[in-house]
Amino acid sequence: GKAFDALSRFRNNNFAVVDDLFIAIGAGCFPIGAALNHSCRPNCLLTYEFSAGRIPSQVIRVMEDVEMGAELTHSYVDLALPTWERQT
């Protein structure tokens, strides 16, 4: 039913919510971030803002000049990992 559908969408579209050191401290669904595609050379970085008593907000930060109409992308994997580990 509806609960299964929601859990399936969460599994495929969740993000690790990370702190300022990029350590995962939770997970969440962020529909706008989920619309971004992957790139091995992303032009965006996903960060999170925290306020007491509120759910975290995902912030999409552009890391370079992007031409109007260009696709915004982020990496689905940790770019600090070695290539062989990212490709498994």
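Residues numbered from 1 in each chain as written. Predicted model: local features only at pLDDT ≥ 70, side-chain atom pairs only at ≥ 80, totals over all residues. Heavy atoms only, no water.

Asks: Please explain the overall build of the protein chain as it appears in this structure.
Replies: A count of helices and strands for the protein chain gives three helices and six strands. Looking at the protein chain as a whole, 22% of its 88 residues are labelled buried. Look at the contacts in the protein chain between residues 6 or more apart in sequence, and 44% of them connect residues 24 or more apart. Accessible area for the protein chain stands at about 7000 Å²; split by element, carbon and sulfur atoms hold 56% of it. Averaging the locations of the 7 positively and 10 negatively charged side chains of the protein chain gives two centres separated by 10 Å. (Helix = DSSP H or I, 4+ residues; strand = E, 2+ residues; numbered from the N terminus. Buried < 20%, exposed > 50% of the residue type's maximum accessible area, 1.4 Å probe, protein only. Contact = heavy atoms within 4.5 Å. Areas by Shrake-Rupley, 256 points an atom, 1.4 Å probe, with all protein chains shown as cover. Lys, Arg positive; Asp, Glu negative; His and termini not counted. Charge placed at Lys NZ, Arg CZ, Asp CG, Glu CD.)

Asks: Help me out: how do you make sense of the nonpolar core in this one?
Replies: What tends to happen in soluble globular proteins is that the nonpolar side chains get buried as a cluster. One finds Phe15, Val17, Val18, Phe30, Leu36, Leu46 and Tyr48 forming the largest nonpolar core, which totals seven residues. Those elements giving two or more residues to this core turn out to be strand S1 (14-18) and strand S4 (44-49). At three residues, the largest contribution of residues to this core is made by S1. With sequence-adjacent residues up to four places away left out, Val17 is seen in contact with Ile23, Ala24, Ile25, Gly26, Ala27, Gly28, Phe30, Tyr48, Phe50 and Pro56. (Core = buried A, V, L, I, M, F, W, Y, C linked by side-chain atoms within 4.5 Å.)

Asks: What am I meant to see in the packing of aromatic side chains here?
Replies: The relative placement of two aromatic rings is captured by the distance of their centres and the angle of their planes. Evaluation of the coordinates by the stated rule reveals two aromatic pairs. Between Phe15 and Phe30, the aromatic rings sit 6.2 Å apart at their centres with planes inclined by 65°, giving edge-to-face as the arrangement. Here Phe15, found in strand S1, pairs with Phe30, found in the loop between strand S2 (24-29) and helix H2 (31-34); they are 15 residues apart in sequence, far enough to count as distant. Exposure remark for Phe15: the relative accessible area of 11% places this residue in the buried category. Arranged with centres 5.5 Å apart and planes meeting at 55°, the rings of Phe30 and Tyr48 form a pair that is tilted. Taken together, the residues span a long stretch of sequence, with Phe30 in the loop between S2 and H2 and Tyr48 in strand S4 at a distance of 18 residues. By the burial criterion, Phe30 is buried, and Tyr48 matches it. Following the ring pairs from residue to residue traces out a cluster consisting of Phe15, Phe30 and Tyr48. (Phe/Tyr/Trp six-rings, centres within 6.5 Å; stacked < 30°, edge-to-face > 60°.)

Asks: Got a minute to help me understand the environment of Cys40 in this structure?
Replies: With respect to the element layout, Cys40 can be found in the loop between strand S3 (37-38) and S4. Overall, Cys40 belongs to the exposed group, its relative accessible area being 61%. Distance from Cys40 to Phe22, taken between C-alpha atoms, is 18 Å for residues 18 residues apart in sequence.

Asks: Sorry, what's going on with unusual backbone geometry here?
Replies: For residues that are not glycine, phi is negative in most cases, and the peptide bond is trans in most cases. With a phi angle near 60°, Phe22 is a residue other than glycine that sits in the positive phi range. The residue Phe22 is located in the loop between S1 and S2 in this model. Under the relative-accessibility criterion, Phe22 is labelled partly exposed at 48%.

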